[in-house]
Amino acid sequence: MPRLPRLGLFCLSLFTLPAHAQDLNIGSELVHGGVAIFLIGALSVLSVAVTLERLVNFRLRKVAPPDLAEEAENLWRTGRFDQLRARVGDGDSSLARILGWMVEQRHLPPEKLAARVAEMAGVELRLQQHKAYALNVVATVAPIVGLLGTVVGMIESFHVIAFNGMGDPTLLAGGISKALVNTAAGLSVALPSLAMHHVFRNRMVGIGIALERQLNRVLDGMPARTLEVVHAH
């Protein structure tokens, strides 16, 4: 048979599938997927919540606002520490907290001040990273839970075979469907969670570099001294 007629017959077969195959209800399949589906659903809720929280709060302007660094440099250079203290006291960013500590401890030896600032920056970045750790947990646990549901579904299928034989394949449909739905659900939750985990890790590197540069900018503005902050992460 020529190639084009074969392709035409194949395409036609896609439109002539049985009605029950075309009317596949994913929601119904998930409901009947067993306990594992509910666990995966809970993990998906956790993943979405953490992702939204990190997208809102883990941004450069939330961690190290560039305008704050520029203003702090000018205030520090001119010795207006009271104004600087009031300015950073109104902020809730990592940079504001570190600058607030620097103002209070500005009489420390420059090398010690720079080292302590680097330590504080590293702690702030690790705290930010820790808040996204749940995404790594979801990416690890969801496929395992899905695999557990798959195993349970296959056990049910073999149980049907043991008691009813292979005479009616439709009797196996429930267990096989349950197995496949659990696998798909686990992967569908794990893959986006893993992707977002890497997105936030990459964002942490970029924000960490920006925070380091801004702190160096303020320290470089200290009168009669030029300091360097060691790498914070």
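In the nomenclature of an unreviewed UniProt entry, the protein chain corresponds to MotA/TolQ/ExbB proton channel family protein from the organism Massilia pinisoli. You can read under Sequence similarities (unreviewed entry) in the UniProt record for the protein chain the words "Belongs to the exbB/tolQ family."

K.L.:
Which residues make up the overall build of the protein chain, and what are the values?
P.N.:
Within the protein chain, the secondary structure is distributed over eleven helices and zero strands. Taken from N to C terminus, the helices and strands of the protein chain fall in the order α-α-α-α-α-α-α-α-α-α-α. Within the protein chain, buried positions represent 36% of all 233 residues. A total accessible area of about 13,900 Å² is found for the protein chain, and carbon and sulfur atoms account for 65% of it.

K.L.:
Describe helix H9 (residues 110–131), listing the residues and the values that go with them.
P.N.:
Spanning 22 residues, H9 covers 32 Å between terminal C-alpha atoms, matching the ideal 32 Å at 1.5 Å per step. Within the sequence span of H9, burial applies to Pro110, Leu113, Ala114, Val117, Ala118, Ala121, Gly122, Glu124, Leu125 and Gln128.

K.L.:
Let's hear about the packing of helix H8 (residues 94–104) against H9: which residues, and what values?
P.N.:
With their axes 10 Å apart at the nearest point, H8 and H9 run at an angle of 155 degrees to one another. Taken together, H8 and H9 sit at an angle that is classed as roughly antiparallel. Handedness of the crossing formed by H8 with H9: right-handed. Together, Ser94, Arg97, Ile98, Trp101 and Met102 of H8 and Leu113, Arg116, Val117, Met120, Ala121, Glu124 and Gln128 of H9 make up the contact between the two elements. A per-class count over the contact of H8 with H9 returns seven nonpolar, two polar and three charged.

K.L.:
How would you explain H8 if you had to name every residue and give the values?
P.N.:
Burial analysis of H8 places eight of its eleven residues in the buried class, which makes it a mostly covered element. Regarding H8, the residues found buried are Ser94, Leu95, Ala96, Ile98, Leu99, Trp101, Met102 and Val103.

K.L.:
With reference to specific residues and values, describe the UniProt feature "transmembrane region" (unreviewed entry) in the protein chain.
P.N.:
UniProt annotation of "transmembrane region" (unreviewed entry) refers to residues 31–52, 133–155 and 175–195 when read in the numbering used here. With 100% helix and 0% strand, residues 133–155 has end C-alpha atoms that lie 34 Å from one another.

K.L.:
Describe the nonpolar core, listing the residues and the values that go with them.
P.N.:
Counting 25 residues, the largest nonpolar core has Leu95, Leu99, Met102 and Leu215 as the members making the most contacts within it. Elements that contribute at least two residues to this core include exactly helix H6 (66–77), helix H7 (81–89), H8, H9 and helix H11 (173–220). Top contributing element to this core by residue count: H8, with seven residues. Excluding its chain neighbours within four sequence positions, the residues that come into contact with methionine 102 are Trp76, Leu113, Val117, Leu215, Val218 and Leu219. Ile40, Ala142, Val189 and Ala190 belong to the second largest nonpolar core, which has eleven residues in total.

K.L.:
Outline the pattern of salt bridges, supporting the account with residue identities and numerical values.
P.N.:
Opposite charge on two side chains permits pairing when their charged atoms draw close. Within the structure shown, the criterion is met by ten salt bridges. One salt bridge in this structure joins aspartate 82 and arginine 85, with 2.8 Å as the shortest N-O distance. Residue aspartate 82 and its partner arginine 85 are located together in helix H7, separated by three residues, close to a single helical turn. On the basis of relative accessible area, aspartate 82 is assigned to the exposed category, the value being 59%. Residue arginine 85 is classed as partly exposed on the basis of its relative accessible area of 30%.

K.L.:
Explain the environment of glycine 186 to me, and be specific about the residues and the numbers.
P.N.:
Within the secondary structure, glycine 186 sits in helix H11. The buried category is assigned to glycine 186, whose relative accessible area is 0%. Along the primary structure glycine 186 and glycine 146 are separated by 40 residues, whereas in three dimensions their C-alpha atoms are 4.5 Å apart. Here glycine 186 is in contact with Ile40, Ala142 and Pro143, once residues within four sequence places are set aside.

Calculation notes
For every chain, the first residue of the written sequence is number 1, and numbering continues from 1 onward in sequence order. In view of the model being predicted, local features appear only for residues whose pLDDT reaches at least 70, and side-chain atom pairs are presented and counted only at 80 or more, with totals across whole chains, interfaces and linings using the full set of residues. Values shown for side chains rest on all heavy atoms present in the structure; no hydrogens or waters enter the calculation. UniProt positions are given in the numbering used here, feature names are shortened, and annotations may be inferred rather than shown by experiment. Only DSSP runs of H or I with at least four residues qualify as helices, and only runs of E with at least two residues qualify as strands; both kinds are numbered from the N terminus onward. Relative accessibility decides the category of a residue: with a 1.4 Å probe and only protein chains considered, values under 20% of the type maximum give buried, values over 50% give exposed, and everything between is partly exposed. Reported accessibility uses the Shrake-Rupley method at a 1.4 Å probe radius. Residues are deemed covered only where the shown protein chains occlude them. Each residue after the first adds 1.5 Å to the expected span of a helix. Helix axes are fitted only over the stretch in contact, all axes being lines through C-alpha atoms; the angle between N-to-C directions runs from 0 to 180 degrees. An angle below 35 degrees is treated as roughly parallel, one above 145 as roughly antiparallel, one from 65 to 115 as roughly perpendicular, and anything else as oblique. Take the far helix as your reference; a near helix turned counterclockwise from it by less than a right angle gives a left-handed crossing, and one turned clockwise gives a right-handed crossing. Contacts are residue-level and defined by heavy atoms, with any inter-residue pair within 4.5 Å sufficient. Classification used: nonpolar for Ala, Val, Leu, Ile, Met, Phe, Trp, Tyr, Cys and Pro, charged for Asp, Glu, Lys and Arg, polar for all others including Gly. We call a set of buried residues a nonpolar core when its members are Ala, Val, Leu, Ile, Met, Phe, Trp, Tyr or Cys and they connect through side-chain atoms within 4.5 Å of each other. A carboxyl oxygen of Asp or Glu within 4 Å of a side-chain nitrogen of Lys or Arg is what we treat as a salt bridge.

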